[in-house]
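# Examining the three-dimensional arrangement
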Amino acid sequence: MKDDQELLARALRDLARREGPAPTPPPVPALVRRGRRARRLRTATRAAAGALLASAAAVVILGGTGIGPGVGPGVGTAGAPPSAGPAGTPASSEGARQALDARSVLLAAAESARHGPAAAGRYWHVRARTTEPVRQPQAKNPPFAARVTHTQDTWYAARPGAPSRTVTGQDPKVTFASPEDEARWRRLGSPDLSGGKPSSNDYAMQLHFLIGSHRYTLRQLLALPADEERLAGLLRRLFDEERSGDWWPGRPTFTSYVWTTAQDLLAGPISPGTRSSLYRLLAGQPAIRSLGEVTDPLGRTGVALTLTPPGSGEGAGESRLVVDVATARLLAYELRSPGRSEPLIRTTYEQTGWVDRLGARP
(Lines give C-alpha, C1' and ligand atoms only; values in the text may rest on other atoms or scores of the structure.)
Protein backbone atom coordinates (compact mmCIF):
# COMPACT_ATOMS: atom_id res chain seq x y z
CA MET A 1 0.00 0.00 0.00
CA LYS A 2 2.87 2.35 0.81
CA ASP A 3 4.38 1.83 -2.64
CA ASP A 4 0.99 2.57 -4.24
CA GLN A 5 0.63 5.79 -2.27
CA GLU A 6 4.16 6.89 -3.16
CA LEU A 7 3.57 6.28 -6.87
CA LEU A 8 0.26 8.12 -6.79
CA ALA A 9 1.72 11.03 -4.84
CA ARG A 10 4.53 11.26 -7.35
CA ALA A 11 2.01 11.31 -10.19
CA LEU A 12 0.16 14.20 -8.58
CA ARG A 13 3.31 16.20 -8.00
CA ASP A 14 4.26 15.53 -11.59
CA LEU A 15 1.00 16.87 -12.95
CA ALA A 16 1.20 19.97 -10.80
CA ARG A 17 4.63 20.99 -12.09
CA ARG A 18 4.47 19.91 -15.70
CA GLU A 19 1.32 21.71 -16.74
CA GLY A 20 0.56 25.40 -16.81
CA PRO A 21 -2.57 27.24 -15.66
CA ALA A 22 -5.75 27.07 -17.69
CA PRO A 23 -8.72 29.42 -18.02
CA THR A 24 -10.94 26.50 -16.94
CA PRO A 25 -9.01 23.70 -15.25
CA PRO A 26 -9.70 20.50 -17.21
CA PRO A 27 -9.00 16.92 -16.18
CA VAL A 28 -6.04 15.39 -17.91
CA PRO A 29 -5.85 11.92 -19.43
CA ALA A 30 -2.93 9.85 -18.69
CA LEU A 31 -0.37 10.02 -19.73
CA VAL A 32 -1.10 8.81 -16.31
CA ARG A 33 1.40 9.65 -20.06
CA ARG A 34 1.77 8.11 -18.90
CA GLY A 35 2.02 5.29 -14.33
CA ARG A 36 3.41 6.89 -17.16
CA ARG A 37 6.82 6.90 -15.56
CA ALA A 38 8.10 4.89 -12.71
CA ARG A 39 11.18 6.90 -11.81
CA ARG A 40 10.16 10.31 -12.97
CA LEU A 41 7.98 12.86 -11.25
CA ARG A 42 6.05 13.30 -14.48
CA THR A 43 4.75 9.73 -14.22
CA ALA A 44 1.06 10.32 -14.34
CA THR A 45 -1.82 12.24 -15.76
CA ARG A 46 -5.09 12.98 -14.15
CA ALA A 47 -8.43 12.79 -15.79
CA ALA A 48 -11.25 13.67 -13.42
CA ALA A 49 -11.55 17.34 -12.52
CA GLY A 50 -10.90 17.83 -8.85
CA ALA A 51 -10.94 14.11 -8.11
CA LEU A 52 -7.20 13.70 -8.03
CA LEU A 53 -5.95 17.26 -8.34
CA ALA A 54 -8.02 20.43 -8.24
CA SER A 55 -5.52 22.39 -10.29
CA ALA A 56 -5.20 20.29 -13.43
CA ALA A 57 -3.85 22.29 -16.33
CA ALA A 58 -4.52 23.16 -19.93
CA VAL A 59 -1.51 21.37 -21.36
CA VAL A 60 -3.01 17.98 -22.08
CA ILE A 61 -0.49 15.27 -22.66
CA LEU A 62 -1.30 11.97 -24.23
CA GLY A 63 -0.73 9.41 -22.47
CA GLY A 64 0.69 9.32 -20.32
CA THR A 65 3.78 10.38 -18.79
CA GLY A 66 6.40 7.33 -16.53
CA ILE A 67 3.50 7.37 -15.95
CA GLY A 68 2.16 8.27 -19.27
CA PRO A 69 0.66 9.54 -24.26
CA GLY A 70 -0.75 5.80 -27.44
CA VAL A 71 -2.06 5.31 -30.76
CA GLY A 72 -1.95 4.21 -34.28
CA PRO A 73 0.09 5.42 -37.17
CA GLY A 74 -2.37 8.11 -38.18
CA VAL A 75 -5.54 6.27 -39.03
CA GLY A 76 -8.73 6.29 -36.99
CA THR A 77 -9.15 3.11 -34.97
CA ALA A 78 -11.98 1.60 -33.03
CA GLY A 79 -11.75 -0.97 -30.28
CA ALA A 80 -13.04 -4.49 -30.57
CA PRO A 81 -15.93 -5.62 -28.35
CA PRO A 82 -15.01 -5.36 -24.68
CA SER A 83 -13.42 -8.34 -23.01
CA ALA A 84 -13.39 -9.31 -19.37
CA GLY A 85 -9.66 -9.93 -19.48
CA PRO A 86 -7.51 -7.02 -18.23
CA ALA A 87 -4.57 -5.60 -20.10
CA GLY A 88 -1.59 -7.79 -19.43
CA THR A 89 -3.64 -10.98 -19.61
CA PRO A 90 -1.95 -13.50 -21.93
CA ALA A 91 -3.96 -13.89 -25.11
CA SER A 92 -3.19 -17.58 -24.97
CA SER A 93 -0.81 -19.83 -23.10
CA GLU A 94 0.68 -20.85 -26.45
CA GLY A 95 1.31 -17.22 -27.37
CA ALA A 96 2.91 -16.55 -23.99
CA ARG A 97 5.27 -19.49 -24.41
CA GLN A 98 6.34 -18.38 -27.86
CA ALA A 99 6.88 -14.74 -27.02
CA LEU A 100 9.46 -13.01 -29.17
CA ASP A 101 12.20 -11.02 -27.51
CA ALA A 102 11.60 -7.29 -27.19
CA ARG A 103 14.07 -6.33 -29.89
CA SER A 104 12.35 -8.55 -32.47
CA VAL A 105 8.94 -7.18 -31.50
CA LEU A 106 10.10 -3.57 -31.75
CA LEU A 107 11.83 -4.07 -35.09
CA ALA A 108 8.69 -5.71 -36.48
CA ALA A 109 6.62 -2.75 -35.25
CA ALA A 110 9.14 -0.39 -36.86
CA GLU A 111 8.65 -2.08 -40.20
CA SER A 112 4.85 -1.86 -39.86
CA ALA A 113 5.07 1.82 -38.92
CA ARG A 114 7.14 2.62 -41.98
CA HIS A 115 4.18 1.80 -44.23
CA GLY A 116 1.65 3.86 -42.28
CA PRO A 117 -0.29 6.71 -43.94
CA ALA A 118 0.89 10.30 -43.78
CA ALA A 119 -0.89 13.05 -41.86
CA ALA A 120 -4.24 14.17 -43.21
CA GLY A 121 -6.75 16.30 -41.36
CA ARG A 122 -7.24 19.47 -39.32
CA TYR A 123 -7.37 17.80 -35.89
CA TRP A 124 -5.69 14.87 -34.24
CA HIS A 125 -8.24 13.05 -32.08
CA VAL A 126 -7.55 10.72 -29.16
CA ARG A 127 -10.17 8.84 -27.16
CA ALA A 128 -8.63 7.26 -24.06
CA ARG A 129 -10.09 5.41 -21.09
CA THR A 130 -8.10 5.56 -17.86
CA THR A 131 -8.38 3.58 -14.64
CA GLU A 132 -6.69 4.96 -11.53
CA PRO A 133 -7.08 5.11 -7.75
CA VAL A 134 -9.77 7.43 -6.41
CA ARG A 135 -9.19 10.01 -3.74
CA GLN A 136 -11.79 11.26 -1.33
CA PRO A 137 -11.71 15.07 -1.39
CA GLN A 138 -12.24 15.24 2.38
CA ALA A 139 -9.39 12.87 3.20
CA LYS A 140 -5.79 12.73 2.00
CA ASN A 141 -5.71 8.98 2.54
CA PRO A 142 -9.26 7.61 2.37
CA PRO A 143 -9.94 4.59 4.62
CA PHE A 144 -10.95 2.47 1.65
CA ALA A 145 -9.46 1.31 -1.64
CA ALA A 146 -11.29 2.04 -4.87
CA ARG A 147 -10.58 2.79 -8.50
CA VAL A 148 -12.33 5.04 -10.98
CA THR A 149 -12.44 4.54 -14.74
CA HIS A 150 -13.30 7.43 -17.05
CA THR A 151 -13.02 8.41 -20.70
CA GLN A 152 -11.51 11.53 -22.24
CA ASP A 153 -11.68 12.82 -25.81
CA THR A 154 -9.06 15.30 -26.99
CA TRP A 155 -8.88 17.19 -30.29
CA TYR A 156 -5.48 18.76 -31.05
CA ALA A 157 -5.68 21.54 -33.63
CA ALA A 158 -3.09 21.38 -36.40
CA ARG A 159 -3.46 25.04 -37.41
CA PRO A 160 -2.10 27.70 -35.03
CA GLY A 161 -4.95 29.77 -33.63
CA ALA A 162 -7.59 27.11 -34.21
CA PRO A 163 -9.36 25.93 -31.05
CA SER A 164 -8.56 22.61 -29.42
CA ARG A 165 -10.95 20.71 -27.17
CA THR A 166 -11.11 18.19 -24.34
CA VAL A 167 -14.19 16.35 -23.09
CA THR A 168 -13.38 14.79 -19.74
CA GLY A 169 -14.96 12.66 -17.04
CA GLN A 170 -17.14 10.61 -19.38
CA ASP A 171 -18.77 7.32 -18.37
CA PRO A 172 -17.24 7.14 -14.89
CA LYS A 173 -17.25 3.78 -13.15
CA VAL A 174 -16.08 3.22 -9.58
CA THR A 175 -15.01 -0.22 -8.36
CA PHE A 176 -14.00 -1.13 -4.83
CA ALA A 177 -11.18 -3.44 -3.90
CA SER A 178 -13.48 -5.47 -1.63
CA PRO A 179 -16.97 -5.41 -0.09
CA GLU A 180 -15.34 -4.17 3.12
CA ASP A 181 -13.91 -1.16 1.29
CA GLU A 182 -17.32 -0.35 -0.14
CA ALA A 183 -18.86 -0.63 3.34
CA ARG A 184 -16.31 1.85 4.74
CA TRP A 185 -17.18 4.25 1.91
CA ARG A 186 -20.88 3.99 2.73
CA ARG A 187 -20.21 4.69 6.40
CA LEU A 188 -18.61 7.96 5.31
CA GLY A 189 -21.86 8.97 3.62
CA SER A 190 -21.10 7.60 0.13
CA PRO A 191 -19.19 10.69 -1.11
CA ASP A 192 -18.94 11.15 -4.87
CA LEU A 193 -15.80 9.46 -6.21
CA SER A 194 -16.43 9.87 -9.93
CA GLY A 195 -14.89 13.32 -10.25
CA GLY A 196 -18.11 15.12 -11.08
CA LYS A 197 -20.02 15.60 -14.30
CA PRO A 198 -18.40 15.41 -17.76
CA SER A 199 -16.76 18.67 -18.76
CA SER A 200 -16.13 20.09 -22.24
CA ASN A 201 -13.39 22.70 -22.58
CA ASP A 202 -12.24 24.63 -25.67
CA TYR A 203 -8.82 26.29 -25.79
CA ALA A 204 -7.48 29.07 -27.96
CA MET A 205 -3.95 28.06 -26.93
CA GLN A 206 -2.13 25.12 -28.46
CA LEU A 207 -2.05 21.88 -26.51
CA HIS A 208 1.37 20.32 -26.22
CA PHE A 209 3.10 16.97 -26.27
CA LEU A 210 6.24 16.27 -24.25
CA ILE A 211 9.74 15.04 -24.95
CA GLY A 212 11.16 15.00 -21.46
CA SER A 213 10.40 18.47 -20.13
CA HIS A 214 10.41 19.99 -23.66
CA ARG A 215 7.01 20.97 -25.06
CA TYR A 216 6.12 20.37 -28.71
CA THR A 217 3.12 21.54 -30.69
CA LEU A 218 1.38 19.23 -33.11
CA ARG A 219 3.13 20.86 -36.07
CA GLN A 220 6.51 20.50 -34.37
CA LEU A 221 5.75 16.86 -33.71
CA LEU A 222 5.05 16.28 -37.41
CA ALA A 223 8.41 17.89 -38.24
CA LEU A 224 10.46 15.52 -36.06
CA PRO A 225 13.23 13.67 -37.95
CA ALA A 226 12.17 10.56 -39.84
CA ASP A 227 15.76 9.34 -40.00
CA GLU A 228 16.80 7.13 -37.07
CA GLU A 229 20.24 8.68 -36.65
CA ARG A 230 18.89 12.24 -36.71
CA LEU A 231 16.08 11.37 -34.30
CA ALA A 232 18.56 9.73 -31.93
CA GLY A 233 20.75 12.82 -32.11
CA LEU A 234 17.82 15.09 -31.28
CA LEU A 235 16.76 12.97 -28.30
CA ARG A 236 20.34 12.84 -27.02
CA ARG A 237 20.60 16.63 -27.26
CA LEU A 238 17.30 17.14 -25.46
CA PHE A 239 18.34 14.62 -22.84
CA ASP A 240 21.59 16.49 -22.21
CA GLU A 241 19.60 19.71 -21.76
CA GLU A 242 17.33 18.24 -19.07
CA ARG A 243 17.73 19.66 -15.58
CA SER A 244 17.96 17.24 -12.69
CA GLY A 245 15.45 19.34 -10.75
CA ASP A 246 12.77 18.55 -13.36
CA TRP A 247 13.01 14.83 -12.63
CA TRP A 248 12.15 12.78 -9.59
CA PRO A 249 13.60 11.01 -7.70
CA GLY A 250 16.59 11.65 -9.99
CA ARG A 251 17.68 12.13 -13.58
CA PRO A 252 16.80 9.06 -15.67
CA THR A 253 19.03 6.95 -17.87
CA PHE A 254 18.91 7.58 -21.60
CA THR A 255 17.02 4.29 -22.00
CA SER A 256 14.31 5.55 -19.63
CA TYR A 257 14.26 8.85 -21.50
CA VAL A 258 13.63 7.14 -24.86
CA TRP A 259 11.02 4.91 -23.20
CA THR A 260 9.06 7.83 -21.72
CA THR A 261 9.33 9.69 -25.02
CA ALA A 262 7.75 6.70 -26.75
CA GLN A 263 4.94 6.68 -24.18
CA ASP A 264 4.06 10.21 -25.24
CA LEU A 265 4.82 10.27 -28.94
CA LEU A 266 3.41 6.89 -29.97
CA ALA A 267 0.09 8.34 -28.87
CA GLY A 268 0.57 11.40 -31.06
CA PRO A 269 0.44 12.36 -34.72
CA ILE A 270 4.05 11.65 -35.64
CA SER A 271 4.96 10.78 -39.22
CA PRO A 272 5.38 7.15 -40.33
CA GLY A 273 9.13 7.68 -40.61
CA THR A 274 9.41 9.16 -37.11
CA ARG A 275 7.27 6.37 -35.66
CA SER A 276 9.39 3.73 -37.35
CA SER A 277 12.64 5.35 -36.19
CA LEU A 278 11.34 5.65 -32.63
CA TYR A 279 10.57 1.93 -32.53
CA ARG A 280 14.07 1.21 -33.85
CA LEU A 281 15.60 3.39 -31.14
CA LEU A 282 13.64 1.43 -28.54
CA ALA A 283 14.89 -1.81 -30.07
CA GLY A 284 18.44 -0.66 -29.42
CA GLN A 285 17.87 0.09 -25.73
CA PRO A 286 18.80 -2.43 -23.03
CA ALA A 287 16.50 -3.64 -20.24
CA ILE A 288 13.25 -3.54 -22.25
CA ARG A 289 11.55 -6.96 -22.05
CA SER A 290 8.73 -8.66 -23.90
CA LEU A 291 6.02 -10.40 -21.87
CA GLY A 292 4.38 -11.99 -24.90
CA GLU A 293 0.89 -11.61 -26.29
CA VAL A 294 -1.78 -10.09 -24.06
CA THR A 295 -5.29 -8.70 -24.47
CA ASP A 296 -6.22 -5.16 -23.49
CA PRO A 297 -9.52 -4.19 -21.76
CA LEU A 298 -11.18 -3.91 -25.19
CA GLY A 299 -10.22 -7.46 -26.10
CA ARG A 300 -7.58 -6.39 -28.65
CA THR A 301 -4.43 -8.49 -28.91
CA GLY A 302 -0.98 -6.95 -28.62
CA VAL A 303 2.46 -7.60 -27.20
CA ALA A 304 3.30 -6.28 -23.75
CA LEU A 305 6.70 -4.57 -23.43
CA THR A 306 8.00 -3.60 -20.03
CA LEU A 307 10.74 -1.54 -18.44
CA THR A 308 11.59 -1.67 -14.74
CA PRO A 309 14.00 1.11 -13.76
CA PRO A 310 16.62 0.23 -11.15
CA GLY A 311 16.01 1.32 -7.59
CA SER A 312 13.57 0.74 -4.77
CA GLY A 313 11.06 2.66 -2.66
CA GLU A 314 9.54 5.64 -4.47
CA GLY A 315 11.75 5.00 -7.48
CA ALA A 316 10.45 1.47 -7.96
CA GLY A 317 7.72 0.46 -10.36
CA GLU A 318 7.19 -1.16 -13.72
CA SER A 319 5.63 0.46 -16.77
CA ARG A 320 4.22 -1.44 -19.72
CA LEU A 321 3.32 -0.62 -23.28
CA VAL A 322 0.90 -2.86 -25.17
CA VAL A 323 1.68 -2.66 -28.88
CA ASP A 324 -0.15 -4.02 -31.91
CA VAL A 325 2.87 -5.11 -33.95
CA ALA A 326 0.96 -5.45 -37.23
CA THR A 327 -0.19 -1.81 -37.19
CA ALA A 328 2.46 -0.26 -34.90
CA ARG A 329 -0.37 1.11 -32.74
CA LEU A 330 0.03 1.68 -29.02
CA LEU A 331 -3.03 0.03 -27.48
CA ALA A 332 -2.49 0.67 -23.79
CA TYR A 333 -0.14 1.95 -21.13
CA GLU A 334 0.16 0.63 -17.57
CA LEU A 335 2.03 1.49 -14.39
CA ARG A 336 2.45 -1.30 -11.84
CA SER A 337 3.78 -0.90 -8.34
CA PRO A 338 6.10 -3.62 -6.97
CA GLY A 339 4.45 -6.90 -6.07
CA ARG A 340 1.01 -5.91 -7.39
CA SER A 341 -0.78 -7.99 -10.01
CA GLU A 342 -3.22 -5.23 -10.98
CA PRO A 343 -1.97 -1.99 -12.58
CA LEU A 344 -1.94 1.09 -10.39
CA ILE A 345 -2.87 3.13 -13.45
CA ARG A 346 -3.95 2.00 -16.91
CA THR A 347 -4.81 4.00 -20.02
CA THR A 348 -6.41 2.27 -22.99
CA TYR A 349 -6.41 4.13 -26.30
CA GLU A 350 -9.80 3.40 -27.85
CA GLN A 351 -9.66 5.65 -30.92
CA THR A 352 -6.98 7.79 -32.54
CA GLY A 353 -6.69 9.48 -35.90
CA TRP A 354 -7.16 12.56 -38.06
CA VAL A 355 -10.51 14.32 -38.45
CA ASP A 356 -11.52 17.50 -40.26
CA ARG A 357 -13.70 19.19 -37.67
CA LEU A 358 -13.77 19.75 -33.95
CA GLY A 359 -15.90 17.15 -32.19
CA ALA A 360 -15.71 14.56 -35.00
CA ARG A 361 -14.33 11.07 -34.47
CA PRO A 362 -12.31 8.90 -36.85
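The rules behind the values
Residues numbered from 1 in each chain as written. Predicted model: local features only at pLDDT ≥ 70, side-chain atom pairs only at ≥ 80, totals over all residues. Heavy atoms only, no water. Salt bridge = Lys/Arg side-chain N within 4 Å of Asp/Glu carboxyl O. Helix = DSSP H or I, 4+ residues; strand = E, 2+ residues; numbered from the N terminus. Buried < 20%, exposed > 50% of the residue type's maximum accessible area, 1.4 Å probe, protein only. Axes fitted to C-alpha atoms, helices over the stretch in contact; angles between N-to-C directions. Parallel < 35°, antiparallel > 145°, perpendicular 65-115°, else oblique. Left-handed = near helix turned anticlockwise from the far one by under 90°. Contact = heavy atoms within 4.5 Å. Polar contact = N/O pair within 3.5 Å; in protein donor to acceptor, adjacent residues only side chain to side chain. Core = buried A, V, L, I, M, F, W, Y, C linked by side-chain atoms within 4.5 Å.

Moving on, we come to the pattern of salt bridges. Tallying each qualifying case throughout the model produces 15 salt bridges. Among the salt bridges present, the one from Asp-153 reaches Arg-361, with a minimum N-O distance of 3.3 Å. Taken together, the positions of Asp-153 in strand 3 (residues 146–157) and Arg-361 in the segment after strand 12 (345–355) put the pair 208 residues apart, joining distant regions of the chain. Asp-296 is the partner of Arg-300 in a salt bridge, and the nearest nitrogen-oxygen pair spans 2.6 Å. Each of the two residues, Arg-300 as well as Asp-296, counts as buried.

The next subject is the packing of helix 6 (residues 228–241) against helix 8 (residues 272–283). Closest axis-to-axis distance for the helix 6/helix 8 pair is 9 Å, and the angle between their directions is 70°. Compared by their axis directions, helix 6 and helix 8 come out roughly perpendicular. The handedness of the crossing between helix 6 and helix 8 is right-handed. Two secondary-structure elements touch here, helix 6 through Glu-228, Leu-231, Ala-232 and Leu-235 and helix 8 through Thr-274, Ser-277, Leu-278, Arg-280 and Leu-281.

Moving on: the side chain of Asp-153. When its relative accessible area of 1% is taken as the criterion, Asp-153 is described as buried. At 2.8 Å, the side chain of Asp-153 and the side chain of His-125 are in polar contact. Among the polar contacts made by the side chain of Asp-153, one reaches the side chain of Gln-170 at a distance of 2.9 Å. Beyond its immediate sequence surroundings of up to four residues, Asp-153 is in contact with His-125, Val-126, Arg-127, Arg-165, Thr-166, Val-167, Gln-170 and Arg-361.

Moving on to the nonpolar core. Counting residues in each nonpolar core, the largest one holds 54 residues, and the members touching the most others are Leu-278, Tyr-279 and Leu-305. If sequence neighbours within four positions are ignored, Leu-305 has contacts with Ala-102, Val-105, Leu-106, Trp-259, Ile-288, Arg-289, Ser-290, Ser-319, Arg-320, Leu-321 and Val-323. Core analysis: the next-biggest nonpolar cluster, separate from the first, contains 8 residues, Tyr-123, Ala-157, Leu-358 and Ala-360 among them.

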